[in-house]
Amino acid sequence: DNPALLLRVASQSNKRGDYRRCSILLGRCINLGVKTFKVYSMRGNALLKLAEAGSRSNQLSSMKQFVEGAIMYNKCIMLGALSGEASLTILVNAARCYFRAGSYEQAVRLLSYLVEILPSSPKMKDEIVEVALQASQSLYALGHVDEAIHYMRFVFNQVTSKHKLKDGNPADDGDNETDSD
């Protein structure tokens, strides 16, 4: 087996949406000793896509894929945190895997980190909603209903205050009226 060739074919399979083939080829790469950020992140994504697609028809298989995806993302984050490669999308997908695999504490930790870094993200408005919902669902799954509600309020209050500054109107008090004197 040629790891470089396997990685190229896996990358093409990923681009075409053939996530099963991509996951298998990347698994072979890992077994051959190719344990890089790119391999773990691409395999984590492939497993997440497979698990989400099959979650209604085969829950047991999907759960295994979510768990394996969470393991891949965990390795990816450890490597990416050191190299600075862990993008917002990768971190959000990792949190999705953790949540769906039942690793609620891990999901909450990662999502809390994301809430801290999202204010500097240009895609904040879209991503913060997904992150806040995942964190609240994780807290709820842990039995922390009051904390889940409090967390949602905190995040949305934070988003509201930061967006007043981000929109270029720091003095904007929320009124949309303009002076017509």
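Look up: the structure comes first, before these words.
First, a word on what this report is: a plain description of the structure on this page.

A tally of regular secondary structure across the protein chain gives eight helices and zero strands. Counting from the amino terminus, helix and strand elements in the protein chain follow one another as α-α-α-α-α-α-α-α. Looking at the 181 residues of the protein chain, the share that counts as buried comes to 43%. Across the protein chain, every contact between residues at least 6 apart in sequence was considered, and the portion connecting residues at least 24 apart equals 58%. Looking at the protein chain as shown, the accessible area adds up to about 10600 Å², and 51% of this sits on carbon and sulfur atoms.

All right, on to the side chain of S62 then. Tracing the chain through its elements places S62 in helix α4 (residues 59-83). Taking relative accessible area as the criterion, S62 reaches 3% and is therefore assigned buried. When sequence neighbours within four positions are dropped, the list of residues in contact with S62 reads A51, G54 and S55.

In this structure, L26, Y98, L110, L111 and L114 are the most contacted members of the largest nonpolar core, which totals 44 residues. Looking at which element gives the most residues to this core, the answer is helix α5 (residues 88-100), with nine residues. Apart from the residues within four sequence positions on either side, L110 is in contact with I77, L91, A94, A95 and Y98.

Reading the values: the criteria
- Residues numbered from 1 in each chain as written.
- Predicted model: local features only at pLDDT ≥ 70, side-chain atom pairs only at ≥ 80, totals over all residues.
- Heavy atoms only, no water.
- Helix = DSSP H or I, 4+ residues; strand = E, 2+ residues; numbered from the N terminus.
- Buried < 20%, exposed > 50% of the residue type's maximum accessible area, 1.4 Å probe, protein only.
- Contact = heavy atoms within 4.5 Å.
- Areas by Shrake-Rupley, 256 points an atom, 1.4 Å probe, with all protein chains shown as cover.
- Core = buried A, V, L, I, M, F, W, Y, C linked by side-chain atoms within 4.5 Å.

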